[in-house]
Number of protein chains: 2
Amino acid sequence: MSLPHALLTALVERPGTGAELARRFDRSIGWFWRASHQQIYRELARLEAAKWIRSAPVEDARGRERSYAVLAAGRRELKRWIAEIEDTPRAVRDELMVRLRAEAALGPAGLEAQVRRLIEREEARLKLYREHEQRAFAGRVDTRERRLQHLVVTSGIRMVSLRIEIAKEALEILGMEVGRDGES
Amino acid sequence: MSLPHALLTALVERPGTGAELARRFDRSIGWFWRASHQQIYRELARLEAAKWIRSAPVEDARGRERSYAVLAAGRRELKRWIAEIEDTPRAVRDELMVRLRAEAALGPAGLEAQVRRLIEREEARLKLYREHEQRAFAGRVDTRERRLQHLVVTSGIRMVSLRIEIAKEALEILGMEVGRDGES
DNA sequence: CGGGGCATGTAACCTGTTACATGATTAG
DNA sequence: CTAATCATGTAACAGGTTACATGCCCCG
């Protein structure tokens, strides 16, 4: 389970409030570990109870905004976790593949429109990722730290690109008539 | 949520017992939707309660083995689901990326060994997938149905390959000394 | 000063995981 | 005959989702 450690990482990079973290999760960290604001608040409360982070009311704040920062024990925990053996091989979840296989088993069922929507969404996402890469890294990928950060961003780009490529191939096959060979 | 529909798909492809489904999930469907045997039994009970599948004791069975098969209502439900709008943009979960980003934030913390193990695991998986592709499709990718099935299998291969490629690039960066440029 | 939006939650529920239980079957 | 294995579960819990609640601020 990684949510607490994703949050610790975000807060090591820069302290912030719950809402700000939720926004950052939408912008970049969340590319690889999505979390709703409810999850984030619940987890921040746990991390504070464990004394891995501390919070303080934001000065001049509207409402009850609190800013969170990582404590020494939190850094230790994060460092420990990085090298921890990950024995659970991760839960794979890809609905498109399940649907493709279902359509293969049942015959045409209207998956094409669905896939077109998926392609649109993923292309929008790809555009966003590429813009982020330009903005954040424009030519400056020098240190070990920045290389690692850059690898994470480009990995996102490559994974989304692959998903789009596969979805487009799926479209071609879905367009075929049943029983036809298509090799004509 | 797709587990019920992954199970329906598996049972449309071929009826079977709970344990057999668990094994099939390890072999191929589960590449894209993993499920433990406990989950499978629980979900089979629900699907039967919903009258989407029916079960019968296996003839000459050892123990209380029951074989499940999809009913007409189950096929209708699966067909409906295939074309359903998928508005939840899917929960992305990639621990490696979270760890890379954490190591970028904290400096070297022993991630290299972890990544090496990951590469080994993924390469074993890749080998498995490739063997499966050979065995199941050897040259015979003719009909629409088989093309879809083949796309699912090759997509698995391509996704795992990309993960390995990225992990190997990560290894190179992780091996760098902090503060060095590496462009020497 | 009233309505909409925002930050921070609470509650109920569902999914997925972990640990264990039971009875039958097969292997030695 | 006994031990290991297999199929089928049960129970308890942690993680994740959805719907709603509260109080403050800012805009008009």
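Note that the structure is predicted; figures quoted are calculated from it, not measured.

Engineer: Explain helix 7 (residues 144-174) of chain A here, please?
Structural biologist: The periodicity of an α-helix, 3.6 residues per turn, causes residues three or four positions apart to be oriented the same way. The end-to-end C-alpha separation of helix 7 of chain A is 45 Å, in line with the 45 Å expected for 31 residues at 1.5 Å each. Counting buried positions along helix 7 of chain A gives 22 out of 31 residues, so the element sits mostly inside the fold.

Engineer: Help me understand the packing of aromatic side chains in this model?
Structural biologist: The geometry of an aromatic ring pair is captured by two quantities: the separation of the ring centres and the angle between the planes. Enumeration according to the criterion identifies two aromatic pairs over all chains in this entry. Between the aromatic rings of A:Trp31 and A:Tyr129, the centroid separation amounts to 3.5 Å while the plane-to-plane angle is 10°, which identifies the pairing as stacked. Of the two residues, A:Trp31 sits in the loop between helix 2 (18-27) and helix 3 (37-49) while A:Tyr129 sits in helix 6 (residues 111-137), which places them 98 residues apart along the sequence. On the basis of relative accessibility, which here comes to 3%, the residue A:Tyr129 falls in the buried class. The ring centre of B:Trp81 lies 4.1 Å from the NZ or CZ of A:Arg99, which sits over that ring.

Engineer: Just to check I follow, could you spell out the pairing of strand 3 (residues 66-70) of chain A for this structure?
Structural biologist: Within a regular strand, the side chains alternate between the two sheet faces. Residue and element names in this part refer to chain A. Judged from the two bridges that link them, strand 1 (residues 16-17) and strand 3 form a sheet pairing that is antiparallel. When the bridges of strand 3 are listed, Gly16 appears paired with Tyr68. Bridge count for strand 2 (residues 53-57) against strand 3 is five bridges, and the pairing is antiparallel. By the bridge assignment for strand 3, Ala56 is matched with Ser67.

Engineer: How should I be thinking about the protein's contact with DNA strand C in this particular structure?
Structural biologist: Lining the immediate environment of DNA strand C, one finds 21 residues, of which A:Ala19, A:Tyr41, A:Arg93, B:Gln39 and B:Arg42 sit closest. Backbone atoms, meaning sugar and phosphate, form 66% of the atoms of DNA strand C found within 4 Å of the protein. Between DNA strand C and A:Arg66, the relevant distance is 3.0 Å, taken from a phosphate oxygen to a main-chain nitrogen or oxygen of the residue. Looking at the surface near DNA strand C, the elements that each hand over two or more residues are helix 2, helix 3 and strand 3 of chain A together with helix 3 (37-49) of chain B. With four residues, helix 3 of chain B is the largest single contributor of residues to the surface near DNA strand C. When its residues are assigned to classes, the surface near DNA strand C shows four nonpolar, seven polar and ten charged.

Engineer: Help me understand the packing of helix 1 (residues 3-13) of chain A against helix 5 (residues 95-106) of chain B, please; the structure alone is not making it clear to me.
Structural biologist: Working note: a packed helix pair is described by the angle between its axes plus the distance between those axes. The N-to-C vectors of helix 1 of chain A and helix 5 of chain B enclose an angle of 30°; their axes lie 9 Å apart at closest approach. When the axes of helix 1 of chain A and helix 5 of chain B are compared, the pair comes out roughly parallel. In this structure, helix 1 of chain A meets helix 5 of chain B at a crossing whose hand is left-handed. In contact with A:His5, A:Ala6, A:Thr9, A:Val12 and A:Glu13 of helix 1 of chain A, helix 5 of chain B contributes B:Val98, B:Arg101, B:Ala102, B:Ala105 and B:Leu106. Considered class by class, the residues forming the contact of helix 1 of chain A with helix 5 of chain B number six nonpolar, two polar and two charged.

Cut-offs applied
- Counting from 1, residues in each chain are numbered in the order their sequence is written.
- Labels follow written order: the first chain is A, the first ligand is 1, and so on.
- The predicted origin of the model limits local features to residues at a pLDDT of at least 70 and limits the giving and counting of side-chain atom pairs to 80 or more, whereas totals for whole chains, interfaces and linings rest on all residues.
- Processing note: side-chain calculations cover all non-hydrogen atoms of the structure and skip hydrogens and water entirely.
- Only runs of H or I of at least four residues qualify as helices and only runs of E of at least two qualify as strands under DSSP, and these elements are numbered from the N terminus.
- In a helix, the anticipated span is given by 1.5 Å times the number of residues less one.
- Here the term buried applies to any residue with accessible area under 20% of the maximum for its type, exposed to any over 50%, and partly exposed to those in between, with areas from a 1.4 Å probe on protein chains only.
- Classification of ring pairs uses Phe, Tyr and Trp, with its six-membered ring standing for Trp, and accepts pairs whose centres are within 6.5 Å; under 30 degrees between planes counts as stacked, over 60 as edge-to-face, and the remaining range as tilted.
- Whether a charge sits over a ring comes down to the Lys NZ or Arg CZ being within 6 Å of the ring centre and within 35 degrees of the ring normal.
- Pairing between strands requires that DSSP locate at least two bridges from one strand to the other.
- Any residue with a non-hydrogen atom lying within 4 Å of a molecule or strand is treated as near it.
- Residues adjacent in sequence count toward polar contacts only when both atoms are side-chain atoms; beyond that, a polar contact is any pair of N or O atoms within 3.5 Å, and within protein one must be able to donate a hydrogen and the other to accept it.
- For this classification, the nonpolar set comprises Ala, Val, Leu, Ile, Met, Phe, Trp, Tyr, Cys and Pro, the charged set comprises Asp, Glu, Lys and Arg, and every other residue, Gly included, is treated as polar.
- Here an angle of 0 to 180 degrees is reported between the N-to-C directions of two axes, which are lines fitted to C-alpha atoms, with helices fitted over the stretch in contact.
- Roughly parallel means an angle under 35 degrees; roughly antiparallel means over 145; roughly perpendicular covers 65 to 115; every other angle is labelled oblique.
- Helix crossings fall into two classes, left-handed where the near helix is turned counterclockwise from the far one by less than a right angle and right-handed where it is turned clockwise.
- The contact rule is simple, with two residues in contact once any of their heavy atoms fall within 4.5 Å.

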